[in-house]
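# A structural walkthrough
Okay, here's what each chain looks like letter by letter:
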Amino acid sequence: MPQLGEQLNSIIEKTERLMELCAALQEENDLMRLENQSLSVALTTSKNKTAELEEKLRVLKVAKSFSDTNEKSLDIKQKINDFVQEIDKCIVLLKK
């Protein structure tokens with residue numbers, strides 16, 4: 001019978017260790033869940049910020065292309081005006 005008592009005590013000790021380990025793992029699991037939630041929020045925030053910055057970049061590119069186009073169209077208009085003036089001068093000379 002003493003062996004049966006020792007085996008029972010051994011089982012009880014192992015069960016207590018398993019319960020302690022289970023509690024420790026549960027606590028670690030809870031901490032990891034909190035960290036996961038925190039990282040998910042950070043990721044969502046980063047994605048939103050990235051989307052905002054990409055939209056700003058797109059707007060800036062569009063605005064820059066308009067400013068380039070305006071400068072080019074002003075140059076083209078000036079050249080056309082210059083050509084018209086030259087043509088007018090030629091017409092005046094031809095009439096003489």
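- By the naming in an unreviewed UniProt entry, the chain is Phenylalanyl-tRNA synthetase subunit beta, taken from Mucilaginibacter roseus.

### Digging into the overall build of the chain
- The secondary structure content of the chain amounts to one helix and zero strands.
- The C-alpha atoms of the chain give a radius of gyration of 41 Å, which is well past the 12 Å a tight globule of 96 residues would have.
- Split into buried and exposed, the 96 residues of the chain put 0% on the buried side.
- Of the accessible surface of the chain, which amounts to about 9,300 Å², a share of 63% is contributed by carbon and sulfur atoms.
- Distance from the positive charge centre (15 side chains) to the negative charge centre (17 side chains) of the chain: 19 Å.

### Description of the pattern of salt bridges
- Under the definition given, this model contains two salt bridges.
- The salt bridge partner of Arg58 is Glu55, with a shortest N-O separation of 2.7 Å. Of this pair, Arg58 and Glu55 are both found in helix α1 (residues 2-95), three residues apart, which corresponds to roughly one turn of the helix.
- By relative accessible area, which is 44% here, Arg58 ends up partly exposed.
- Among the ionic pairs, Glu86 bridges to Lys89, the shortest N-O distance being 4.0 Å. Residue Glu86 and its partner Lys89 are located together in helix α1, separated by three residues, close to a single helical turn.
- Under the relative-accessibility criterion, Glu86 is labelled partly exposed at 43%.

### What to know about a nonpolar patch on the surface
- A surface patch of nonpolar side chains, about 300 Å² in accessible area, is lined by Leu18, Leu21 and Leu25.
- With respect to the helices and strands, the residue Leu18 is situated in helix α1.
- For Leu18, a relative accessible area of 56% gives the class exposed.

### Describing the environment of Ser40
- Within the secondary structure, Ser40 sits in helix α1.
- The spatial distance from the C-alpha of Ser40 to the C-alpha of Thr15 is 37 Å, given a sequence separation of 25 residues.

Rules behind the numbers
Residues numbered from 1 in each chain as written. Predicted model: local features only at pLDDT ≥ 70, side-chain atom pairs only at ≥ 80, totals over all residues. Heavy atoms only, no water. Helix = DSSP H or I, 4+ residues; strand = E, 2+ residues; numbered from the N terminus. Rg over C-alpha atoms; globule rule 2.2 N^0.38 Å. Buried < 20%, exposed > 50% of the residue type's maximum accessible area, 1.4 Å probe, protein only. Areas by Shrake-Rupley, 256 points an atom, 1.4 Å probe, with all protein chains shown as cover. Lys, Arg positive; Asp, Glu negative; His and termini not counted. Charge placed at Lys NZ, Arg CZ, Asp CG, Glu CD. Salt bridge = Lys/Arg side-chain N within 4 Å of Asp/Glu carboxyl O. Patch = residues over 30% accessible without salt bridge, like charges linked within 9 Å, V, L, I, M, F, W, Y side chains within 5 Å.

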